[in-house]
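Listed below, chain by chain, are the residues.
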Amino acid sequence: MNINLEYYKIFYYVVKSGNITNAAKELCISQPAVSQSIKQLEDSLGIPVFVRTTKGVTLTQEGQELYEYVKIGYENILQGEKKLQETLNLDRGELRIGASDMTLQFYLLPYLEKYHSLYPKVKVSVTNAPTPSTIDHLLAGRIDFGVVSSPFETQDRLQVYKGRNIQDIFVAGEKFKELKGKKISFKTLKDYPFICLETKTSSRKYIDDFLLRNNVTLNPEFELATSSIVTQFAVRNLGIGCVVEDFAKEEIAAGRLFKLEFEKQIPKRDICVISDSKIPLSKAASAFIELLI
């Protein structure tokens, strides 16, 4: 059978309301249109589904059996529409973000706080990973968008929005006070133990490439997973650390670390929001990106 689903909708409302007149009012169509649809349904099924009475209609035995299935199907559709509307109104849903420690701590947190206050019923999950892994998660569809630090390998399908600038710096503790206040060359770093992030991070790649352009290659004494730990190693005088400035601000302000000064400035880079142009953003993700940009 290839029966117009609109007939089943009208059938549902006639049963629910008890008569054709009330069903017509609820559906905002004419009474004859309802009667004609029921007739066409019965003709298509080859069996009557209603018994007409002076008080309205009652279901036949076959009609009752059919209604039990139509009721489940149509009410599931209505429930689906309701859930969809809740999603569109951001009264429910899920937001999946990919971010590194740095972008989460020094960029995303205030926006997450604001977003949660605006849409408290939207579930937010954050996948914590360095920039290359975040891009992999995005292209695999495991997150809605990523917040990453440049540089990263751009691809045609990546939609990129620039956020804020970040500045890479070198910091040291009291043990290396002879460097404090001096303008030094990057080659000077070769004479000191060096602390940095692991090679899989965009921050490490950026510094390695920058130093290489200045004819300097450093062999780290310590390669660590997070910038916070790099900072703490530097506070304990285990070497000169390289971090984004935000991670060391408190320690510098407290006098436990100082910022090295160089003859040449390390160029700033960007925190960026990236999405996959081939996958439409959910309503929850679109609303968050609007806050960001």
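Below you will find a few notes about this structure.

Reading the values: rules and limits
Residues numbered from 1 in each chain as written. Predicted model: local features only at pLDDT ≥ 70, side-chain atom pairs only at ≥ 80, totals over all residues. Heavy atoms only, no water. Helix = DSSP H or I, 4+ residues; strand = E, 2+ residues; numbered from the N terminus. Buried < 20%, exposed > 50% of the residue type's maximum accessible area, 1.4 Å probe, protein only. Contact = heavy atoms within 4.5 Å. Lys, Arg positive; Asp, Glu negative; His and termini not counted. Charge placed at Lys NZ, Arg CZ, Asp CG, Glu CD. Pairing = 2+ DSSP bridges. Axes fitted to C-alpha atoms, helices over the stretch in contact; angles between N-to-C directions.

Some points on the overall build of the chain
The helix and strand inventory of the chain stands at ten helices and 14 strands. Counting only C-alpha atoms and orienting by the principal axes, one finds that the chain spans roughly 105 × 35 × 25 Å. For the chain, the residues scored as buried account for 42% of the 293 residues in total. Long-range contacts, defined as pairs at least 24 residues apart, comprise 75% of the intrachain contacts of the chain with a sequence gap of at least 6. Across the chain, 38 positive and 36 negative side-chain charges occur, with their mean positions spaced 3 Å apart.

Looking at helix α9 (residues 245–253)
Along α9, the residues classified as buried are D246, F247, A248 and E251. In this structure, the buried residues of α9 make contact with α5 (101–118), β6 (158–166), β7 (168–172), α8 (227–235) and β11 (240–244). After α9 finishes, the residue G255 shows a positive phi value of roughly 85°.

Focus: the sheet that holds strand β12 (residues 258–259)
Pairing is mixed across the open sheet formed by five strands, whose spatial order is β10-β9-β11-β7-β12. Bordering the open sheet on either side are β10 (222–224) and β12, each of which pairs with just one other strand. In terms of strand pairing, β7 meets β11 through four bridges, oriented antiparallel. Bridging across to β11, V171 finds its partner in G241. Across the face of the sheet, α9 comes into contact with β7, β11 and β12 while running at roughly 120° to β11.

Looking at the sheet that holds β6
Judged by pairing direction, the sheet is mixed, and its five strands sit side by side in the order β4-β3-β5-β14-β6 without closing on themselves. With partners counted over all chains shown, the strands left at the sheet margins are β4 (123–128) and β6, one partner each. Across the sheet, the mean angle from the axis of one strand to that of its neighbour is 20°, orientation sign disregarded. Along the sheet, helix α10 (residues 283–292) makes contact with β3 (94–99), β5 (145–149), β6 and β14 (269–276), crossing β3 at roughly 50°.

A look at unusual backbone geometry
For the bond running from S150 to P151, omega is 0°, close enough to zero to count as cis. Position of P151 among the secondary structure elements: in the loop between β5 and β6. With a phi close to 60°, C28 is a non-glycine residue in the positive phi region. Its location among the elements puts C28 in the loop between α2 (20–27) and α3 (31–45). Of the residues examined, C28 reaches a relative accessible area of 69% and is grouped as exposed. Within the chain, L90 stands out as a residue other than glycine whose phi angle is a positive 60°. Mapped onto the elements of the fold, L90 is located in the loop between α4 (61–88) and β3.

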